[in-house]
Amino acid sequence: MAGAVPLLEVRHLRVEFPSRRGTLLALDDISFSIAPGEVLGVVGESGAGKSLTGAAIIGLLDPPGRIAGGEILLAGQRIDNLPYEQMRAIRGRRIGAIFQDPLTSLNPLYTIGRQLIETIRTHLPVSEDQARARAVKLLQETGIPAAEQRIDQYPHQFSGGMRQRVVIALALAAEPKLIVADEPTTALDVSIQAQIISLLRRLCKEHGTAVMLVTHDMGVIAETCDRVAVMYAGRIVEVGPVADVIHRPSHPYTVGLMGSIPAMDEDRERLLQIDGAMPRLNAIPSGCAFNPRCPQVFERCRSERPDLLEAGPTRAACWRVADGLRSVA
Amino acid sequence: MTAPLVEVKDLAKTFDVSAPWLNRVVERQPRQFVHAVDGVSFAIQRGKTLALVGESGCGKSTVARLLVGLYSPTRGSVQFDGKDTHGAADRAQLRLMRRRMQMIFQDPYASLNPRWKVRDIVGEPLTEHGLVTDAVELRRRVAELLLSVGLAAADVDKFPHQFSGGQRQRISIARALATQPEFLVCDEPTSALDVSVQAQVLNIMKDLQRQRGLTYLFISHNLAVVRHVSDQVGVMYLGRLVELADKAELFSRPRHPYTRMLLDAIPDIRMSGRARTPVQGEVPNPLSPPSGCAFHPRCPHANARCSQERPALTAVAGISVACHAVTEGRI
């Protein structure tokens, strides 16, 4: 990958929410890149800022949230400072989006065919008939049976899993090179979740689409991603190849996160637990944000904030790593 | 073996989901019923945990509500410590029984009154059941309960919104424990929580079970969590139990094709390269369940018999399973 321009590059991204009681720093110094066709997982607990990162990339930050620093580059071109209309043209055409709840991302008043055809014709120079043929093909690809008939049905006539397939078809409609998928399987039952994950993985491979997959579910990450970024309190604390982050986590937060997941292949009387809870945005501790909950905290952690440092195959924001004292998994 | 603490026999609950009377007359629509729970039987031994698993709409939460008396059953019975909970029992007796079983709900944001202080939330069962009348004693007991779930005694004067999700679920647990129940029905107690917080709550629940000898009915859709907390597991599909087995047996040798499918659907977090068969199809509409075995349209082992004759839950080698293919030895 050396030398090649990454498909997406995020450099030192900062997102702020101005409020009456001062400015809240929601994302701080977020840097990562996604190569063409790569699947990057972004994992973290509620409030870590993972969805916000996705929203910043597709230019859909809810006001008053705003990008206060850093830059986002799509194939080498800056997109974080584009005017609304230009960003609108990129959204859908070059970056597709899949959201958690398939019912709210589809318009209940239009047939799914109309929504697909509209999306296709907005971004691609095709006729109504060509767009319809393409829509049917997309629905077939996403595994919707009897696509020719179902294309004229409304979202409420589809089950949850089928709706999410329609949303995936919509995201792929204009052949974007990147899809931002925010918790695409969270609202679904386990058996349907497995279907949607394998569908997403297969389609992106076939179309050569890169994915930024935002989820709280480590299982989904393990099944789908090439690399993973672990977020905590608005920062990336560890990033690296999935297998390394899962089997040999370096950051104590990642270690705790992995240990707190009940495993299917071992018996433990008690789960490893991280005491306490993630800090609120208005009370982020000084130094490393994880230090009050960290079992391996020492003096430097309280005063100085660690950057992402090389830790074998992964990079982790932890002073223990800098000292060569790898945390014990 | 001693008598089980909770025994459920042929429990069924039917909901009337018909259109309003006028529509039925004008549009000639028939009455419609959903058989949310249809002939479920199980027993839970004292101090043990039975987990019910299944996908949305399989009736597991309805079973939970039937057990604590939030719904009354259409058919069948629930016996608690040898007494029928829905029978002719007089009110005083029923009240006494209610005190001995409590429920923890899924969403700690919805199950706590936002206008009440923790003191009132946790103290209510104590005053309601007349266990404590003295204000000083009440304060002491509430503080004790909060400490037992890992909260601080000083939290009594706070409101629910001042707590995180995991702390709120601890408040729910403290409230449920107030009357010193023997049996707790937990309906997806950790589904709304983050994994690290889920671990905290699961650890507390296990500690409390050990200290107080509690009996749990644990409802969940997460098989990894179920494997961690339970002693016995019941798998439900469209209102019926399809498999009931000891935890070790169920996870090492799942018999029912649906159980196998559920186990296959769990994301492989250790990336062991375990082969997975893709899951087929979706849960059918409970308004018009398939004939015969409700799982047959999705089942890779279904034959003509499966689509006509509904299999009964039968004992096979120490476990119970409702599947023709298993009893015939086809799988």
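Preceding this section is the structure that the text describes.
For the structure given in this document, a descriptive report is provided here. Treat the numbers as computed from the prediction; the structure is a model and nothing was measured.

## Overview of the overall build of chain A
(1) Moving on: On a plain count of helices and strands, chain A comes out with 12 helices and 12 strands.
(2) Moving on: The C-alpha radius of gyration computed for chain A amounts to 21 Å, which stays within 12% of the reference 20 Å derived for 329 residues, consistent with globular compactness.
(3) Moving on: The principal-axis extent of the C-alpha atoms belonging to chain A is close to 65 × 50 × 45 Å.
(4) Moving on: Across the 329 residues in chain A, those meeting the buried criterion constitute 48%.
(5) Moving on: Sequence separation of 24 or more characterises 64% of the internal contacts of chain A that already satisfy a separation of 6 or more.

## What about the overall build of chain B?
(1) Moving on: Check the secondary structure of chain B and you find 12 helices and 12 strands.
(2) Moving on: Relative to the 2.2 N^0.38 estimate, which gives 20 Å for 331 residues, the radius of gyration of chain B is 21 Å and therefore close to what a compact globule would have.
(3) Moving on: The principal-axis extents of the C-alpha atoms in chain B amount to approximately 70 × 60 × 40 Å.
(4) Moving on: Residue burial in chain B is summarised as follows: out of 331 residues, 43% are buried.
(5) Moving on: Once local pairs closer than 6 in sequence are excluded, the contacts in chain B between residues at least 24 apart make up 65%.

## Things to note about helix 2 (residues 60–68) of chain B
(1) Moving on: Burial of helix 2 of chain B is extensive: eight of the nine residues sit out of reach of the surface.
(2) Moving on: Downstream of helix 2 of chain B by a residue or two, Gly69 of chain B has a phi angle that is positive, lying close to 90°.

## Concerning unusual backbone geometry
Residue and element names in this part refer to chain A.
(1) Moving on: Cis geometry marks the peptide bond from Pro63 to Pro64; its omega dihedral reads 5°.
(2) Moving on: Here Pro64 lies in the loop between helix 1 (50–57) and strand 4 (66–74).
(3) Moving on: Located in the positive-phi region is Asp29, a residue other than glycine, with phi close to 55°.
(4) Moving on: With respect to the helices and strands, Asp29 occurs in strand 2 (residues 22–34).
(5) Moving on: A tally of 18 C-beta atoms within 10 Å means that Asp29 is categorised as partly exposed.
(6) Moving on: One non-glycine residue, Glu175, lies in the positive phi region at around 50°.
(7) Moving on: Within the secondary structure layout, Glu175 lies in the loop between helix 6 (160–172) and strand 7 (178–182).
(8) Moving on: Using a count of 15 C-beta atoms within 10 Å as the deciding quantity, one classes Glu175 as partly exposed.

## Focus on the packing of helix 3 (residues 112–123) of chain A against helix 4 (residues 128–141) of chain A
Residue and element names in this part refer to chain A.
(1) Moving on: Two elements in contact, helix 3 and helix 4, have axes separated by 9 Å at closest approach and are oriented at 115°. At the point where helix 3 passes helix 4, the crossing takes the right-handed sense. Across the interface between the two elements, Gly113, Leu116, Ile117, Ile120 and Arg121 of helix 3 pack against Glu128, Ala131, Arg132, Arg134, Ala135 and Leu138 of helix 4.
(2) Moving on: Residue classes in the contact of helix 3 with helix 4 are distributed as six nonpolar, one polar and four charged.

## Some remarks on the sheet that holds strand 4 (residues 75–80) of chain B
Residue and element names in this part refer to chain B.
(1) Moving on: Strand order in this open sheet of four strands is 2-1-4-5, and the pairing throughout is antiparallel. Where the open sheet ends on each side, the last strands, each with one partner, are strand 2 (33–44) and strand 5 (83–84).
(2) Moving on: Pairing of strand 1 (residues 6–16) with strand 4, which is carried by five bridges, proceeds in the antiparallel orientation. If you follow Ala12 over to strand 4, its bridge partner there is Arg75.

## Some points on the nonpolar core
(1) Moving on: Residues Met212, Val230 and Tyr232 of chain A together with Leu217 of chain B are the most contacted members of the largest nonpolar core, which totals 187 residues.
(2) Moving on: If near-sequence neighbours (up to four positions away) are discounted, Leu217 of chain B is found in contact with Ile44, Leu50, Leu52, Ala64, Leu67, Val185 and Cys186 of chain B.

## Thoughts on helix 7 (residues 195–212) of chain B
(1) Moving on: Compared with the 26 Å implied by 1.5 Å per residue over 18 residues, the 25 Å span of helix 7 of chain B between its first and last C-alpha is a close match.
(2) Moving on: Burial in helix 7 of chain B covers these residues: Val195, Ser196, Val197, Gln198, Ala199, Gln200, Val201, Leu202 and Met205 of chain B.
(3) Moving on: Tucked into the core, helix 7 of chain B has its buried residues touching helix 10 (252–259) of chain A together with helix 6 (165–177) and helix 8 (223–229) of chain B.
(4) Moving on: One or two residues past the end of helix 7 of chain B sits Gly213 of chain B, with phi positive at roughly 65°.

## Side note on the interface of chain B and chain A
(1) Moving on: Contact residues are listed per partner, giving 31 residues for chain B and 34 residues for chain A.
(2) Moving on: Counting only elements with at least two residues in the side of chain B that touches chain A, the list comes to helix 7, helix 8 and helix 10 (257–265) of chain B.
(3) Moving on: At nine residues, helix 7 of chain B tops the list of elements feeding residues into the side of chain B that touches chain A.
(4) Moving on: Among the residues making up the side of chain B that touches chain A, the classes are represented as 15 nonpolar, nine polar and seven charged.

## Here we look at the pairing of strand 1 of chain B
(1) Moving on: Relative to strand 2 of chain B, strand 1 of chain B is paired through nine bridges, and the arrangement is antiparallel. Following the sheet pairing, Asp16 of chain B is matched in strand 2 of chain B by Phe33 of chain B.

## Thoughts on the packing of helix 4 (residues 118–128) of chain B against helix 6 of chain B
Residues and elements named next belong to chain B.
(1) Moving on: In the contact formed by helix 4 and helix 6, the axes pass within 7 Å of each other and the chain directions differ by 30°. Taken together, the axes of helix 4 and helix 6 are roughly parallel relative to one another. Only Ile171, Ala174 and Arg175 of helix 6 make contact with helix 4, whose side of the interface consists of Val118, Ile121, Val122 and Pro125.
(2) Moving on: The class makeup of the residues in the contact of helix 4 with helix 6 is six nonpolar, no polar and one charged.

## Description of the sheet that holds strand 5 (residues 77–78) of chain A
All names here are of chain A.
(1) Moving on: In space, the four strands of this open sheet follow the order 2-1-4-5, with antiparallel pairing throughout. A strand with exactly one partner marks an edge of an open sheet, and here the two such strands are strand 2 and strand 5.
(2) Moving on: Note that strand 4 and strand 5 share two bridges and pair antiparallel. Bridge assignment links Leu74 to a residue of strand 5, and that residue is Gln77.
(3) Moving on: Helix 1 rests against strand 1 (8–19), strand 2 and strand 4 of the sheet, and its axis sits at about 75° to strand 2.

Analysis parameters
Residues numbered from 1 in each chain as written. Chains lettered and ligands numbered in written order. Predicted model: local features only at pLDDT ≥ 70, side-chain atom pairs only at ≥ 80, totals over all residues. Helix = DSSP H or I, 4+ residues; strand = E, 2+ residues; numbered from the N terminus. Rg over C-alpha atoms; globule rule 2.2 N^0.38 Å. Buried ≥ 20, exposed ≤ 12 C-beta atoms within 10 Å, placed from the backbone. Contact = placed C-beta atoms within 7 Å. Axes fitted to C-alpha atoms, helices over the stretch in contact; angles between N-to-C directions. Left-handed = near helix turned anticlockwise from the far one by under 90°. Nonpolar A, V, L, I, M, F, W, Y, C, P; charged D, E, K, R; others polar. Pairing = 2+ DSSP bridges. Core = buried A, V, L, I, M, F, W, Y, C linked by C-beta atoms within 7 Å. Expected span 1.5 Å × (residues − 1). Parallel < 35°, antiparallel > 145°, perpendicular 65-115°, else oblique.

Spatial relationships are all this shows, so hold off on functional conclusions.
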